[in-house]
Number of protein chains: 2
Amino acid sequence: MATLLKGAAVVEALNQESAEMVKHLEQLGVSPTLAIVRVGEREDDIAYERGATKRCEKVGVAVKQVTLSGDCSEAELIETLEGLNADDQVHGILLFRPLPKYMDEDRVRNIVAPNKDIDGITDLSLAGVFTGVETGFAPCTAQACMEILDFYGIETKGKRAVVIGRSLVVGKPAALMLISKNATVTVCHTRTIDMPAVCRQGEIVIVSAGRPGIVDASYLSEGQVVIDVGINVTEDGNLVGDVDFEAAEPLVGAITPVPGGVGTVTTSVLVKHVVQAAQRTLE
Amino acid sequence: MATLLKGAAVVEALNQESAEMVKHLEQLGVSPTLAIVRVGEREDDIAYERGATKRCEKVGVAVKQVTLSGDCSEAELIETLEGLNADDQVHGILLFRPLPKYMDEDRVRNIVAPNKDIDGITDLSLAGVFTGVETGFAPCTAQACMEILDFYGIETKGKRAVVIGRSLVVGKPAALMLISKNATVTVCHTRTIDMPAVCRQGEIVIVSAGRPGIVDASYLSEGQVVIDVGINVTEDGNLVGDVDFEAAEPLVGAITPVPGGVGTVTTSVLVKHVVQAAQRTLE
């Protein structure tokens, strides 16, 4: 029977921390504000926007929704972002991606000012994850994995960690953050040979494979801490992770549930980053 | 008996490639030029400057030596770098580090224009290693390890690679580059528990531990490819790597010698980066 690393308790702690910081900032005349920039009406984006807005309101962070039509030009989007960069009343900018295919995403994402880049999408934010210097913010999902480990007091120093996935938003930043936290880190991906054998060696396993239930018992070993980043919708409309939970739960030491795990923490990390961005304007 | 992965052959191939590019660029009216910025008279720097200058001359790259006194101000150094950024006749800038302790190295290194940052010291260069987008250049030593693997036709795809060291100039960029080259990569460091056992699992091992001969037979297994980044001076004035060469050579499949391995290739990578930087001004 694995310990369930539920996101709710982490969310509560993060929200409380954020709410206290907001209170303090408001006393100093600063109202932390997040601008959410959405292009078009993709359902995923709208759902996330709703969740993020709710979470922001809960801790006292204001939200400014900026919605552009699905066929807006790249120039229009860039102008919008530059306006938000220049607006002292906006502390964080969340830009939904992927952008429409006719846009140069590498150019557009780097328009966001790093000090407002609360989801870690700019090169300078990513460089900060690399160097350990806070030039921007880490991608929220990778940061959420670390918050869960921290909250539940899971030691990383000297531990063998395996990260499945090498994306810019989860795999690579999570690996670098674990290295900073003194874990011995292995990164696996689609080209890895005998991934189950590699994965079984991890004491901490972060799974961001993007395929439902792909991590079965063959990947797992006794006592492991498993952080499941996957969020997949099954044919019958249920949410499942990248880990086969039924197979994992009797075997490993601790595991995050899906839903109710990493995903929910990610939103609170986003909110915390907005508050931190507001805080940094005073430093 | 291990195959010796000698740097000389890699250097020759890189130099030939660079020389041909230089010839082509000169026909287009561009003379690739490296500015070497040195603060003070540190022996290491002077030796490297001499080697780099010689290597540049060999392939037709011009060198502009800019030497500031050991007690120059940070403002003076920044002004010098900004002048070189603005100078269209300069394509690459090599800034020796560490800088004097009274300087803010993080600020100064980021003054270098990323498109002239041929040694990968700016945040934007490092972000490029992270994202795989060429915003600057990779750190030369990490790149030299990849050049050696490429030159000797060593397959990385699906191979288990172990990187010892997590520095910004070798360990982290080498790990990310190996991930891009489809290896399954493990990063070890001083906090790794039972590093010999971890290291023995690598089919490719990149050693940048900074301690002479620390990697002995207990770290190694049959058939491994060992890239030794270490350059250490022994008490009797000899150069040795971080790998105990005598112990490794009978056991592993291939190994870089020290001297005559990674170090010599690094200089040719630097020169190639200058030529590439000049090339990019035409694109």
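Residues numbered from 1 in each chain as written. Chains lettered and ligands numbered in written order. Predicted model: local features only at pLDDT ≥ 70, side-chain atom pairs only at ≥ 80, totals over all residues.

(A) Representation of the overall build of chain A. The secondary structure content of chain A amounts to ten helices and eleven strands. Against the globule reference of 19 Å for 283 residues, chain A gives a C-alpha radius of gyration of 19 Å, in line with a compact fold. C-alpha extents for chain A along the principal axes are approximately 50 × 45 × 40 Å. A separation of at least 24 residues holds for 68% of the contacts in chain A among residues at least 6 apart in sequence. (Helix = DSSP H or I, 4+ residues; strand = E, 2+ residues; numbered from the N terminus. Rg over C-alpha atoms; globule rule 2.2 N^0.38 Å. Contact = placed C-beta atoms within 7 Å.)

(B) Spotlight on the packing of helix H6 (residues 140-151) of chain B against helix H10 (residues 262-280) of chain B. Residue and element names in this part refer to chain B. In the contact formed by H6 and H10, the axes pass within 8 Å of each other and the chain directions differ by 105°. In terms of their interaxial angle, H6 and H10 are classed as roughly perpendicular. Residues Cys140, Thr141, Gln143, Ala144, Cys145, Glu147 and Ile148 of H6 pack against Val262, Val265, Thr266, Val269, Leu270 and His273 of H10. Of the residues in the contact of H6 with H10, the class split is eight nonpolar, four polar and one charged. (Axes fitted to C-alpha atoms, helices over the stretch in contact; angles between N-to-C directions. Parallel < 35°, antiparallel > 145°, perpendicular 65-115°, else oblique. Nonpolar A, V, L, I, M, F, W, Y, C, P; charged D, E, K, R; others polar.)

(C) Region of the structure containing the relation of the copies chain B and chain A. In the superposition of chain B on chain A (RMSD 0.0 Å, axial shift 0.0 Å), the rotation amounts to 180°. Taken together, these values place the two copies in the relation of a two-fold axis. If distances are taken from each C-alpha of chain B to the rotation axis, the shortest is found for Thr186 of chain B, at 2.0 Å. Counting the interface residues of chain B, we find that 100% of their copies in chain A are interface residues as well, pointing to one common contact surface. (Least-squares fit on C-alpha atoms with pLDDT ≥ 70 in both.)

(D) Examining unusual backbone geometry more closely. Here the amide bond leading from Val258 of chain A into Pro259 of chain A is cis, since omega sits at 0°, within 30 degrees of zero. Its location among the elements puts Pro259 of chain A in the loop between strand E11 (254-255) and helix H10 (262-280). One non-glycine residue with positive phi stands out, namely Asn182 of chain A, at about 65°. With respect to the helices and strands, Asn182 of chain A occurs in the loop between helix H7 (171-180) and strand E6 (184-188). One non-glycine residue with positive phi stands out, namely Asp194 of chain B, at about 55°. Here Asp194 of chain B is to be found in the loop between strand E6 (184-188) and helix H8 (195-200).

(E) Structural view of the interface of chain B and chain A. The partner chain A presents 26 residues to the 26 residues of chain B that form the contact. Of all the elements in the fold, those that place two or more residues in the side of chain B that touches chain A are helix H5 (123-131), helix H7 (171-180) and E6 of chain B. Among the elements that line the side of chain B that touches chain A, the one with the most residues is H5 of chain B, at six residues. Split by residue class, the side of chain B that touches chain A holds 13 nonpolar, seven polar and six charged. The sheet contact formed by E6 of chain A and E6 of chain B spans three bridges and is antiparallel. Residue Val187 of chain A lies in a different strand from E6 of chain B, and its bridge partner there is Val185 of chain B. (Pairing = 2+ DSSP bridges.)

(F) Spatial organisation of the domain arrangement of chain A. For chain A, the assigned domains read domain 1 (29-113) and domain 2 (140-263). On a C-alpha basis, the centres of domain 1 of chain A and domain 2 of chain A stand 29 Å from each other. (Domains from an automatic or database assignment.)

(G) Representation of the pairing of strand E2 (residues 33-39) of chain A within the structure. Residue and element names in this part refer to chain A. With six of seven residues buried, E2 is to be regarded as a mostly interior element. Judged from the seven bridges that link them, E2 and strand E3 (residues 62-68) form a sheet pairing that is parallel. Bridging across to E3, Arg38 finds its partner in Thr67. The handedness of the E2 to E3 crossover, carried by helix H2 (residues 43-59), is right-handed. The sheet contact formed by E2 and strand E4 (residues 92-95) spans four bridges and is parallel. Looking across to E4, one finds that Ile36 is bridged to Leu94. (Buried ≥ 20, exposed ≤ 12 C-beta atoms within 10 Å, placed from the backbone. Right-handed = clockwise from strand over helix to strand, strands pointing away.)

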